[in-house]
Amino acid sequence: MAMFGLGWYMADLPKDAPKAMSFDLFDLGIYNWQLSEEASPRTFYFNLHKSIGVTLLALIAFRIFWRLTHRPPALLDSLTAAEKKIATAGHHTLYLMMVLVPVSGVLMTLYSKFGLKWFGMDVFAGLDNPVMRDTFKEAHELLGVVMITVIGLHVLGAIKHKVINKDGELVVVQPKQRGKRQKGPYEYGALRNYFVPIIKDMKAGDACEIPFDKFDKERLRGAISGWSVHHWGKGSNITTINNDRKCVEILRVT
Ligand code: HEM
């Protein structure tokens, strides 16, 4: 989001402003940036945007490598087939935009007359081809609009799961839960999918016991440790493993 802010901020900077060697970042009086040669604010902020953007591109490449080598948590079983398709399409579009937005920026820079400097270090010179530069400039702006729209929809979807569905979607993506999931072969997502149909008709204050023989106790330990509060379906459920009674206890509290 900072890159969008920076992009929009710098695009309106005047081309003929006086040059300086020191920049108060965004005129906030918080951080001063010193340069080895004089530059106009426009040059300074363009170079900053390009340097951070190229760095992000490298981080995004690593993220994609990570995604390809690690499986994400399963989508909720409570989603309809259409909802699953929309969610998956949204995620793929986000990944695509994470690549296309910075790549179009790099190509625009390649065809500009300025070339690319990474935090002051020369990376490549510009080819000075205005037609190609303008094409990738248009692409960069357009793809940016697509990206921010999909990010907005993604956030709205997450809020809907938290506030309206209350189905624990945001619990599955928390690093702590994912760590547990990796230790035990029982996936947190699979566990929740198993419990939701059992507990969905429970009312506030109801308790329910699920015998161990339904599933492997040791594998459950990977997903439930001690007393844990979950928001599976409506209301919150306290879930614990009861060794004496050889069952999983679920207590609906709201
Ligand atoms: C990482 C993600 C990036 C995002 C989200 C992003 C976003 C933006 C946005 C919102 C603008 C303003 C567009 C407008 O005028 O409406 C912009 C402009 C620009 N971006 Fe990026 N950018 C990214 C990466 C890059 C990279 C890697 C480069 C080049 C190495 C780059 C080069 C530029 C340039 C040169 C402009 C100014 C275009 C002009 O007004 O002439 N951007 N960017």
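In case you missed it, the structure is sitting above this.
Everything numeric here is computed off the predicted structure, so don't read it as measured data.

Bringing the overall build of the protein chain into the picture now. A tally of regular secondary structure across the protein chain gives eight helices and eight strands. Partitioning the intrachain contacts of the protein chain with sequence separation of at least 6 by distance along the chain shows that 62% fall at a separation of at least 24.

Right, let's talk about the nonpolar core for a bit. Counting residues in hydrophobic clusters, the biggest one holds five residues: L191, F195, I199, V248 and I250. Where this core is concerned, the elements lending two or more residues are α7 (188–199) and β8 (247–252). Top element by residues in this core is α7. It accounts for three residues. Among residues more than four places away in sequence, those in contact with I250 are F195, I199, A207, C208, I210, N237 and T239.

What follows concerns the site of the ligand. The full set close to the ligand counts 23 residues, and M3, G7, A11, G53 and G105 are the nearest of them. Those elements that place two or more of their residues in the shell around the ligand are α1 (2–11), α2 (41–69), α3 (81–111) and α4 (130–165). Here the shell around the ligand takes seven residues from α2, the largest share from any one element. Taken together, the residues that form the shell around the ligand break down as 13 nonpolar, seven polar and three charged.

A word on the environment of S104. By secondary structure assignment, the location of S104 is in helix α3. Look at S104 and you get buried, because 20 C-beta atoms sit within 10 Å. Put simply, S104 and A139 are 35 residues apart on the chain and 6.5 Å apart in space, counted from C-alpha to C-alpha. Aside from chain neighbours lying at most four places away, what touches S104 is F136, A139, H140 and L143.

Turning our eyes to something else, we now look at α3. End to end, α3 covers 44 Å across 31 residues, agreeing with the expected 45 Å (1.5 Å per residue, within 8%). Along α3, the residues that are buried comprise V101, P102, S104, G105, M108 and T109. The elements touched by buried residues of α3 are α2, β3 (116–118) and α4.

The next thing to look at is the sheet that holds strand β5 (residues 207–211). Taking strand neighbours across the sheet as the criterion, the four strands line up as β5-β8-β7-β6 in an open arrangement whose pairing is antiparallel. For this open sheet the edge positions go to β5 and β6 (228–230), each flanked by a neighbour on one side alone. Taken pair by pair, the neighbouring strands of this sheet meet at an average axis angle of 25 degrees, ignoring direction. With three bridges connecting them, β6 and strand β7 (residues 237–242) associate as antiparallel partners. Directly across from V229, in β7, lies its bridge partner I238.

Attention now goes to the packing of α3 against α4. Each pair of packed helices gets described by two things: the angle between the helix axes and the distance between those axes. For the pair α3 and α4, interaxial distance at closest approach is 8 Å and the crossing angle is 155 degrees. Here α3 lies roughly antiparallel to α4, going by the angle between them. Considering how the two elements wind past one another, α3 and α4 form a crossing that is left-handed. Along the lines of polarity and charge, the residues of the contact of α3 with α4 split into 15 nonpolar, seven polar and two charged.

Turning to the packing of α1 against α2, a few remarks are in order. With their axes 10 Å apart at the nearest point, α1 and α2 run at an angle of 155 degrees to one another. Relative to α2, α1 is oriented roughly antiparallel. The handedness of the crossing between α1 and α2 comes out as left-handed. Residues M3, L6, G7, Y9 and M10 of α1 lie in contact with α2, whose contacting residues are R42, Y45, F46, L48, H49, I52, G53 and L56. In terms of residue class, the contact of α1 with α2 is made up of nine nonpolar, three polar and one charged.

Bringing the pairing of strand β2 (residues 32–39) into the picture now. Where a strand is regular, its side chains alternate between the two sheet faces. In terms of residue burial, β2 counts as a barely covered element, since only zero of its eight residues are buried. Taken together, the four bridges between strand β1 (residues 20–24) and β2 define a ladder with antiparallel strand orientation. Paired with A20 across the strands is A39, a residue of β2.

Here five bridges tie β5 to β8, and the two strands are oriented antiparallel to one another. Residue pairing in the sheet places I210 in a bridge with V248 of β8. Between β7 and β8, which pair antiparallel and follow one another directly, the connecting turn spans four residues, one of which, K246, has a positive phi of 55 degrees.

For residues that are not glycine, phi is negative in most cases, and the peptide bond is trans in most cases. Of note in this structure, D27 is not a glycine but carries a positive phi near 50 degrees. In this structure, D27 sits in the loop between β1 and β2. With 8 C-beta atoms counted inside 10 Å, the residue D27 sits in the exposed group. A positive phi angle, near 50 degrees, is found at D128, a position not held by glycine. Mapped onto the elements of the fold, D128 is located in the loop between β4 (121–124) and α4.

How each quantity is defined
Residues numbered from 1 in each chain as written. Predicted model: local features only at pLDDT ≥ 70, side-chain atom pairs only at ≥ 80, totals over all residues. Helix = DSSP H or I, 4+ residues; strand = E, 2+ residues; numbered from the N terminus. Contact = placed C-beta atoms within 7 Å. Core = buried A, V, L, I, M, F, W, Y, C linked by C-beta atoms within 7 Å. Buried ≥ 20, exposed ≤ 12 C-beta atoms within 10 Å, placed from the backbone. Near = placed C-beta within 6 Å. Nonpolar A, V, L, I, M, F, W, Y, C, P; charged D, E, K, R; others polar. Expected span 1.5 Å × (residues − 1). Pairing = 2+ DSSP bridges. Axes fitted to C-alpha atoms, helices over the stretch in contact; angles between N-to-C directions. Parallel < 35°, antiparallel > 145°, perpendicular 65-115°, else oblique. Left-handed = near helix turned anticlockwise from the far one by under 90°.

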